[in-house]
Amino acid sequence: MTRLARKFYLREDVTEVSRELLGKVLCSQLDGKITKAIITETEAYAGIGDRASHAYGGRRTARTDPMYRRGGTAYVYLCYGMHHLFNVVVGDVDMPLAILVRAAKPLEGTDIMRRRRGQPGAARIGLAGPGVLSQALGITTDLTGASLLEDRVWIEDHRIAVDSQEVSVGPRIGVDYAGKDAHLPYRFSIAIDSVSIR
DNA sequence: CGAATGATATACT
DNA sequence: GTATATCATTCGA
């Protein structure tokens, strides 16, 4: 298992990278606690031409600034006043491409995740939904702008096989405001049970 | 189905 | 500086 290198993130084909993130392992080390989860669902946000993107039309503010940095940066923001959504920034400097991680399967530190979620008893199999995922991994807006090549949050390749046949493609969730771009096939997922360690 | 909940962007004075 | 609408969601009824 190896940590994804800068090269992985510098590509500008954001849908291709979104597909490749499936089966990769999102890791965090916060408060001295390590948690890891296998990514099972992603959504691509294709930069200044994408009405659904926060960077649409080249908009750049204090919040969206991390998206304009080099690929391999984290972009985390608060949504609906209570959910921290985690994104992976892709492409080179001034290419505001990002990938929202929507769901994952706990791999390591599942007890810590349960405790963070405040559900001591109920062991949920999956982390379905970007807010829940961030909460389980302890990701907050403190991490926006953090490098994925450092030791707070990063992504590893555990050589989990994902056949292109088992990837489902569909429209993104919760972006009805984006008009025609709301229907773009930018959401990628794999069945949570299909992931297996090779 | 609908409330919760607060940072952020935008449009004002 | 102040006001207000909005949101890449979640959970429980």
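Predicted model only: the values in this text are computed from it and were never measured. (Residues numbered from 1 in each chain as written. Chains lettered and ligands numbered in written order. Predicted model: local features only at pLDDT ≥ 70, side-chain atom pairs only at ≥ 80, totals over all residues. Heavy atoms only, no water.)

Undergrad: How should the protein's contact with DNA strand C be read in this particular structure?
TA: His54, Asn87, Arg117, Gly131 and Tyr177 are the nearest of the 18 residues found near DNA strand C. The share of sugar and phosphate among atoms of DNA strand C within 4 Å of the protein is 56%. Residue Arg117 places a side-chain N or O atom 2.5 Å away from a phosphate oxygen belonging to DNA strand C. Within the backbone of Pro130, one N or O atom sits 3.0 Å away from a phosphate oxygen of DNA strand C. (Near = heavy atom within 4 Å. Polar contact = N/O pair within 3.5 Å; in protein donor to acceptor, adjacent residues only side chain to side chain.)

Undergrad: Mind showing me how you'd approach the pairing of strand β3 (residues 33–45) here?
TA: Regular strands have side chains that alternate between both faces of the sheet. Extensive coverage of β3 is indicated by the burial of 11 of its 13 residues. As defined by bridge partners, strand β2 (residues 25–30) adjoins β3 across 6 bridges and the pair is classed as antiparallel. In the strand pairing of β3, Cys27 is matched with Lys36. The turn linking β2 back onto β3 is made up of 2 residues, and Asp31 within it adopts a positive phi angle of 55°. Relative to strand β6 (residues 97–108), β3 runs antiparallel, the two sharing 9 bridges. Of the residues in β6, the one forming a bridge with Ala44 is Ile99. (Buried < 20%, exposed > 50% of the residue type's maximum accessible area, 1.4 Å probe, protein only. Helix = DSSP H or I, 4+ residues; strand = E, 2+ residues; numbered from the N terminus. Pairing = 2+ DSSP bridges.)

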